[in-house]
Amino acid sequence: MREFFQEATLDELRKILDSKKISSVELTKHFLDEIDNRDHLFNAFLTIVPEVAIDQAQKADEQIASGQSQPLTGIPVAIKDVILTKEQRTTAGSQMLQRFFSPYESTVTQKLKNQGAVLIGKTNCDEFAMGSSNEFTAYEKAKNPWNLNRVPGGSSGGSAAAIASREVPLALGSDTGGSIRQPCALCGIAGLRPTYGRVSRHGLIAFASSFDQIGPMAKRVQDVEILFQAIAGADEKDPTCSTQPLEHPEERESLEGLTVGIPQEFLKEGLNPAIRKNFQQTIEQLKTLGAHTKTISLPKTSHALASYYVLSSAEASSNLSRFDGVRYTARANNPKNFEDVFNKSRSQFFGEEVKRRILLGTFVLSAGYYGDYYEKAQRVRSMIKHDFFKTFQTVDVIATPTTPTEAFELGSKTKSPLQMYLSDLLTAPASLAGIPALVVPSGFSKEGLPMGLQLMGRPYSEAFLFSVGKCFEEATRHYERRPPS
């Protein structure tokens, strides 16, 4: 039964729960035991709430017994620790919020609770979601289940590691410049960055508000789709949330008739040989499934990384000003006055990467440099959006690698910020354009490290992306391979 729990799809878990062959309490206890026994290897979780989870599972069993189960009723879900859960600790991976308990529920976790899902714990992440490796957490660094000396990717590395290690079947992450897609690729699972505004940000601790999106992560694309359907939709508490109705799920047996764009700018410098070779093989697999591939150009995306870091750091500088040592944050001891409280608390409890981005953001917003940097970056963002929207007039979907390298060794890039920032090279463009992007496992390197295919689509085309992703997934079946750990 342990093997079944770890490898079952959501549909399979739904059937066995509804048939009452197992209970949600039994299922939840299984995953709690897995976390208790093995998470010291991965550090995927920052907070576990077993009593709360068992209580939610008992209520889910009552809901199932009454014949009112929904797709996620009784299913354990992990939540990235930048998403608020009422009366539970939410740290954002930072010492600044080490003792913060939210007074309210985020919209996405409330939607999961409304379905009867079991919120099993909060997952590790880079501090305030700033990072590409999960090494900038203030707590124990998360590790990649495929190789414990490698990073799981960031900033949603804890969520990805928890799924890849079979400690939980589903998780939520957040994606600003690639923070769902990169860890999914590096840990060999599937995940989605939705269209900007498709999922409510109410209750998400903000990093860069015009980029941040909560998204679903799972072993299989079909499970990602089910979780997405549960959390997406309009929300009056988030004025940026779209009211556009969700599309109905699509199914396809092949990619016959589809035109897949391959942007030449994504395949130039920066890709290591294993990633390049894997992507070439992936293109051939897409052709075998009936797709027509077409070389395209997205010329302004060569400036995407610079634009992203200017804009996201500027927004971070503004958003993180609320963490002042006065209200709900940690406070330095023995301050001399209010200004000293602010300076000492932020100096002591913010990590180095957070400080770096606040300084950069404050600089580009300053009076003498606003026009030279921030305004230019906004213009570049508009041109990148135009490139994508023009290209989608001639192709159905855009395919690229997800990361320029496989999972790198822990500590190998932390002293070189620019090298770390290059991890966002292939994911930042979709974030700037606000378009949806799905990651599906695409193979493994000689060292047995996973790699991922990134599929980008028109705004609000998530159902279409899922149909393409499921077709590719079933043809390649990379999800059948498990981490050795």
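In the block above lies the structure referred to throughout.
Residues numbered from 1 in each chain as written. Predicted model: local features only at pLDDT ≥ 70, side-chain atom pairs only at ≥ 80, totals over all residues. Heavy atoms only, no water.

### Some points on the sheet that holds strand S10 (residues 437-444)
Stage number 1. Taken together, 11 strands build an open sheet; the order of strands is S1-S3-S2-S4-S6-S5-S10-S11-S9-S7-S8 and the sheet is mixed. Two strands close off the open sheet at either side, each with one partner strand: strand S1 (45-48) and strand S8 (292-296). Pairs of neighbouring strands in the sheet enclose a mean axial angle of 30 degrees, with direction left out of account.
Stage number 2. Where strand S7 (residues 259-263) meets strand S9 (residues 397-401), 2 bridges bridge the pair, whose relative direction is parallel. Bridging from a neighbouring strand, Val-260 pairs with Val-397 of S9. (Pairing = 2+ DSSP bridges. Helix = DSSP H or I, 4+ residues; strand = E, 2+ residues; numbered from the N terminus. Axes fitted to C-alpha atoms, helices over the stretch in contact; angles between N-to-C directions.)

### Thoughts on the environment of Ser-179
Stage number 1. The residue Ser-179 is located in the loop between strand S4 (170-175) and helix H7 (181-187) in this model.
Stage number 2. Through-space distance from the C-alpha of Ser-179 to that of Ser-155 is 4.8 Å; in sequence the pair is 24 residues apart.
Stage number 3. Beyond its immediate sequence surroundings of up to four residues, Ser-179 is in contact with Lys-80, Ala-129, Gly-131, Gly-154, Ser-155, Ser-156 and Ser-174.
Stage number 4. A distance of 3.1 Å separates a polar side-chain atom of Ser-179 from the backbone nitrogen of Ser-155. (Contact = heavy atoms within 4.5 Å. Polar contact = N/O pair within 3.5 Å; in protein donor to acceptor, adjacent residues only side chain to side chain.)

### What to know about a nonpolar patch on the surface
Stage number 1. A cluster of nonpolar side chains, namely Leu-360, Phe-363, Tyr-369 and Tyr-373, defines an oily patch on the protein surface of about 350 Å² accessible area.
Stage number 2. According to the relative accessible area criterion, Leu-360 is partly exposed, its value standing at 32%. (Patch = residues over 30% accessible without salt bridge, like charges linked within 9 Å, V, L, I, M, F, W, Y side chains within 5 Å. Areas by Shrake-Rupley, 256 points an atom, 1.4 Å probe, with all protein chains shown as cover. Salt bridge = Lys/Arg side-chain N within 4 Å of Asp/Glu carboxyl O. Buried < 20%, exposed > 50% of the residue type's maximum accessible area, 1.4 Å probe, protein only.)

### Re the packing of helix H8 (residues 221-231) against helix H16 (residues 462-476)
Stage number 1. Taken N-terminus to C-terminus, the directions of H8 and H16 make an angle of 160 degrees; their axes are 9 Å apart at the nearest point. If you check the angle between H8 and H16, you find them roughly antiparallel. Contact residues: Val-221, Gln-222, Val-224, Glu-225 and Phe-228 in H8; Glu-462, Phe-466, Gly-469, Lys-470 and Glu-473 in H16.
Stage number 2. The residue makeup of the contact of H8 with H16, split by class, is 4 nonpolar, 2 polar and 4 charged. (Parallel < 35°, antiparallel > 145°, perpendicular 65-115°, else oblique. Nonpolar A, V, L, I, M, F, W, Y, C, P; charged D, E, K, R; others polar.)

### With respect to the pattern of salt bridges
Stage number 1. A complete count under the given rule lists 25 salt bridges for this structure.
Stage number 2. Two residues, Lys-355 and Glu-352, come together in a salt bridge whose shortest N-O distance is 3.7 Å. Note that Lys-355 and Glu-352 are positioned in helix H12 (residues 352-365) at a spacing of 3 residues, about one turn of the helix.
Stage number 3. Owing to a relative accessible area of 24%, Lys-355 belongs among the partly exposed residues under this scheme.
Stage number 4. For Arg-356, the salt bridge goes to Glu-353, with nearest N and O atoms at 2.2 Å. In this pair, Arg-356 and Glu-353 are both assigned in helix H12, 3 residues apart and thus about one turn of the helix distant.
Stage number 5. The exposure class assigned to Arg-356 is partly exposed, which follows from its relative accessible area of 30%.
Stage number 6. A single network of salt bridges, built from pairs that share partners, joins Arg-220, Glu-473, Glu-474, Arg-477 and Glu-480.

### Let's talk about the pairing of strand S2 (residues 76-80)
Stage number 1. Counting buried positions along S2 gives 5 out of 5 residues, so the element sits mostly inside the fold.
Stage number 2. The alternating pattern of S2 places Pro-76, Ala-78 and Lys-80 and Val-77 and Ile-79 on opposite faces, both of which are buried.
Stage number 3. Summarising the sheet, S2 and strand S3 (residues 118-123) pair through 5 bridges and their orientation is parallel. When the bridges of S3 are listed, Ile-79 appears paired with Lys-122.
Stage number 4. Following the backbone out of S2, through helix H5 (residues 107-115) and into the adjacent parallel S3, one traces a crossover that is right-handed.
Stage number 5. In this sheet, S4 lies alongside S2 in parallel orientation, the contact comprising 3 bridges. (Right-handed = clockwise from strand over helix to strand, strands pointing away.)

### Topic: the packing of aromatic side chains
Stage number 1. The tally for this structure, following the rule as stated, stands at 15 aromatic pairs.
Stage number 2. With centroids separated by 6.2 Å and ring planes inclined at 55 degrees, the aromatic side chains of Phe-4 and Phe-5 adopt a geometry described as tilted.
Stage number 3. Judged by centre distance (4.8 Å) and plane angle (45 degrees), the ring pair of Phe-128 and Phe-323 falls under tilted. Of this pair, Phe-128 sits in the loop between S3 and helix H6 (157-164) while Phe-323 sits in the loop between helix H10 (304-319) and helix H11 (338-349), and the two are 195 residues apart along the sequence. (Phe/Tyr/Trp six-rings, centres within 6.5 Å; stacked < 30°, edge-to-face > 60°.)

### Quick look at helix H2 (residues 10-18)
Stage number 1. Here H2 has its buried residues at Leu-10, Leu-13, Arg-14, Ile-16 and Leu-17.
Stage number 2. Lys-20 sits one or two residues past H2 and shows a positive phi near 65 degrees.

### A word on the packing of H5 against H8
Stage number 1. The N-to-C vectors of H5 and H8 enclose an angle of 105 degrees; their axes lie 8 Å apart at closest approach. Of the possible angle classes, the one that applies to H5 and H8 is roughly perpendicular. Contacts between H5 and H8 involve Val-108, Lys-111, Leu-112 and Gln-115 on the former and, on the latter, Leu-227, Ala-230 and Ile-231.
Stage number 2. Its residues assigned to classes, the contact of H5 with H8 shows 5 nonpolar, 1 polar and 1 charged.

### Comments concerning the environment of Ala-57
Stage number 1. Within the secondary structure, Ala-57 is located in helix H4 (residues 50-65).
Stage number 2. Ala-57 sits in the buried class, given a relative accessible area of 0%.
Stage number 3. Non-local contacts of Ala-57, meaning those with residues more than four positions away in its chain, are made with Ser-24, Val-25, Thr-28 and Val-118.

### A word on the nonpolar core
Stage number 1. Residues Leu-112, Ile-120, Phe-128, Leu-172 and Phe-388 are the most contacted members of the largest nonpolar core, which totals 137 residues.
Stage number 2. Take this core: its biggest share by element is 8 residues, from H10.
Stage number 3. If we ignore the near neighbours within four places in the chain, the residues touching Leu-112 are Leu-72, Val-77, Ile-79, Ala-117, Leu-119, Leu-172, Leu-227, Ala-230 and Ile-231. (Core = buried A, V, L, I, M, F, W, Y, C linked by side-chain atoms within 4.5 Å.)

### Regarding the pairing of strand S6 (residues 213-218)
Consecutive residues of a regular strand have side chains that alternate between opposite faces of the sheet.
Stage number 1. Taken across its 6 residues, S6 has 6 buried, putting it largely inside the fold.
Stage number 2. Neither face of S6 is left uncovered, since the one carrying Gln-213, Gly-215 and Met-217 and the one carrying Ile-214, Pro-216 and Ala-218 both have all their residues buried.
Stage number 3. Here S4 runs beside S6; their pairing, made up of 6 bridges, is antiparallel. Its bridge partner lying in S6, Asp-175 is registered against Gln-213.
Stage number 4. Where strand S5 (residues 190-193) lies against S6, 2 bridges are found, and the strand directions are antiparallel. What sits directly across from Gly-191, in S6, is Met-217.

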